[in-house]
Each structure stands twice: as C-alpha cells, then as structure tokens.
Amino acid sequence: MRLLHFSDTHLGFNDLEVLNAQNINQREADFYDAFEQVVAQIEALRPDFILHTGDLFHRSSPSNRAITFALEQFKIIDSLGIPCVMIAGNHSTPRTNLSSPILKIFENFKNIHVEYSQAYEKFAFEEVVFHALPHMNDETKALSQIERCEQNIDPTKRNIMMLHCSVGAHYLMAEFGEWVYPREKEALFAQMDYVALGHWHGFGKVGKHENVYYAGSTERTSLNDKRNSKGFALVELGEALHVEYHEIAIRPIKTYEIDCEDFESAVAALHVKDVKDALVEVKLTNLTALQSIDIQTRDIKNLFEEALHVNIKREFKGTSNDTGLGDIEALSLEAYFLEHIKEESKPEEFERLKGKIQALFGAYEEASDDTL
Ligand SMILES: [Mn+2]
C-alpha cells in the first residue's frame, strides 16, 4: 500500500509587491505552481491513497482565486479514482462559530474525504482506517477526541493517524491557536502503521518515533524559512514502513552578508551567482548609524539585479546579540520604532513618547493583521 502525504499548501498566500505576466502576485502564483507539481506527481505515481494534513488554504476565508484554483485541482484528483483524505489545519479553521468552514466545498466530491469540524472522525476503507484529528481551537476538547481515536483502532486493518499540530514544543510555528499534542498520548503512535502530520513546514521524522512524519509545506510562507527543499512524502506500507521524500522545484532563497566594517571590499568580494528569479536576503553587519544613512537600499538591490526580490537586513554595530534591532523582520514596526526612540531619548522623554507611539500604532494595527 502506497500513500502520498502532502501538507501545508497555503493556497492564496501572497507576499512581496511583484506581479507576474498574468497580473497575479508572483508569490501567490508560486504556491499554485507548487501544488500543481504535487498533482502531476500524484498522476505519475498513482498512490493508493492521498493524504493532506491541513492548511490547504492560507486563510479561513480564502480569495476567489484560491478557491477556484483548489476546485480545479481537486477535480483532477477526484477524477483519478484515488481516495483523498484531508483534515483542516489552524489556517483554514474559522476562529468563531459564526463562519462556515471553507473545506465544506469538497463535500460533494466522490473521492475527497474531509474532516473540518474540530472533532475526531474515522474514514474506513477495506484494508485501512484513517483516524483524522483536525486542528481544534479548544484544546480541552482534544483529549476526549484522541481517546475516541484510541477506541477506534482496528487491529484487523492498517491504522493511519492524521494530525495538524505540534508534537512537543519543538514544532511550534509561533502562530495563533496552535495545538500541541499531549505528551502522555504519544504512546498511541506506536499502535499506528503511520502518523501523518501537518503544521511544521519542513519534512522530517519526529524525534524518537519511527513512524511519525511531517510532510512539510510545499512553499515558504515567510522569508525566515530558509529551506530550499520542499516536497511531499511517499509512504510505502509493506512488511516494514518505508518513507521516501520527493522534492519539488521551488523558487530558491539565497542569503548574503556584507560586513560594513570594510564595506567597499566586502562588496567587491561578493560572489553573486545563480540569483536569477531568486529571493535574496542581504544582511548588512557591523553598521554604524552614519553608514546606514549612506548605504542606500537601491545600491544594494542593484548588486542582485536578476533576483525577484531583495530583502535587506541592517544589523548595527554592537547590537547583533541584542533582541532589539538585529532581526528586524521578526519585530513589529512598532517594536522597532520604540527601540529606536528608546536609544535616542532620555528615559523620562521615552516614557512620555511611549504611550503616544503605542496609541498611534494601535490605530493602524487592526487593518494590517496578517495572522488571520
Ligand atoms: Mn501551515
């Protein structure tokens, strides 16, 4: 029995202000392209089952384009006659009971089986039972759902568990409402033939469990994700479990560092290679405040003309080990600005300005919250 396990496709995700020839956000198009590559592999490999472990869409209310794309792709999958089991992840689960779950759109597909109601559900086939545990907003409910899973193990068949969560604290994505699988229930994994996980964006086996795997995402949802390899798992259930990682082609990300201690020679020594259409991240290190004004973003970008996008991080002298200005992207603009004011003003002046800054940013925050 062969299963194709993929996950975290985040359809509808978009980033950077770059449009492609069809006027679609280039990064959004990259996610569609990655999905199409997996579907092409499904057609070529013809597995017995297809598993998707959550975050099909990036948002619980995706755009029309993302929905249309998904429907077209699942029409292809459905036509292959291969059962496809899918669970909801935290990104495609509505946070309130007021909105309807998007995965409902697949209810009328013959071979697509979905679980999105934040409860355990089993999908039984002739030789295999899929135990689906989707993302649950209410963690207190999760334990009873895992117990239902335990009670439904069928010793006469293969048992496959599907989850969208962090197993242990290591796989947290720092996102809203993540679910951490309870440690005391990890023993249940040993009773399964395979445990298919979603949520973590890198492929890999989980710790000491030989049969527990994250498929990883099919694209990067953040420039902080520096992995240049994305793909899916092809799982073979014979006498022993055999899990093979299949890579797809994604837009590469390349990182460079320019040490501003000696800016000119650092630039001269740059070895810019294979950056065509890549995402490039340049870290300017050992910057002084004066240099930072002198070194224009435009000039740095010009060093990587062929890249799709150049992201510049400025790291100031003596602050590299601070939690402050080093990793600008990890900070909100508000925190960055506050840090700057703190450095530049007397303590009592800072206290006075702090409240004003927070109020000002507070007024804009709601409109630009991307974690939804
Ligand atoms: Mn995800």
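Because the structure is a prediction, the values reported are computed rather than measured.

Rules behind the numbers
Here the residue numbers are simple positions, counted from 1 along each chain's written sequence. Owing to the predicted nature of the model, reporting of local features is limited to residues with pLDDT of at least 70; listing and counting of side-chain atom pairs is limited to 80 or more, with chain, interface and lining totals taken over all residues. Exposure criterion: with C-beta atoms placed from backbone coordinates, a residue whose C-beta has 20 or more other C-beta atoms within 10 Å is buried, one with 12 or fewer is exposed, and one in between is partly exposed. Secondary structure counts use DSSP, requiring at least four H or I residues in a row for a helix and at least two E residues in a row for a strand, with both numbered from the N terminus. By arc we mean the arc of the directions from the helix axis to the C-beta atoms, nothing more. Any residue pair is listed as a contact if its two C-beta atoms, each placed from the backbone, are within 7 Å. Those domain boundaries reflect an automatic or database domain assignment. Gly falls in the polar group here, along with every residue not listed as nonpolar (Ala, Val, Leu, Ile, Met, Phe, Trp, Tyr, Cys, Pro) or charged (Asp, Glu, Lys, Arg). For two strands to be treated as a pair, DSSP must find at least two bridges joining them. A fitted line through C-alpha atoms serves as each axis, taken over the contacting stretch for helices, and the angle formed by two N-to-C directions is quoted from 0 to 180°.

A. Broad picture of helix α3 (residues 139–151). For α3, the complete set of buried residues consists of Ala142, Ile146 and Cys149. Axial view of α3: buried residues confined to an arc of 55 degrees, hence all on one face. In α3, the exposed positions that point more than 90 degrees away from the buried face belong to Thr140, Leu143, Ser144 and Gln151. Where the residues of α3 are buried, they touch β6 (128–133) and β7 (158–164).

B. A look at the domain arrangement of the protein. We note that the domain assignment places domain 1 (2–248) and domain 2 (253–368) within the protein. Here the C-alpha centroids of domain 1 and domain 2 sit 35 Å apart. Facing 8 residues of domain 1, the contacting portion of domain 2 comprises 8 residues. The residue inventory of the side of domain 1 that touches domain 2, partitioned by class, reads 3 nonpolar, 3 polar and 2 charged.

C. Expanded view of the sheet that holds strand β17 (residues 309–316). Read across the sheet, 3 strands follow the order β15-β16-β17 without closing on themselves; strand pairing throughout is parallel. What marks the edges here is a single partner per strand, and that holds for β15 (253–259) and β17. Taken pair by pair, the neighbouring strands of this sheet meet at an average axis angle of 20 degrees, ignoring direction. Two strands pair when backbone bridges link them, and strand β16 (residues 279–287) and β17 are joined in this way by 7 bridges, in the parallel orientation.

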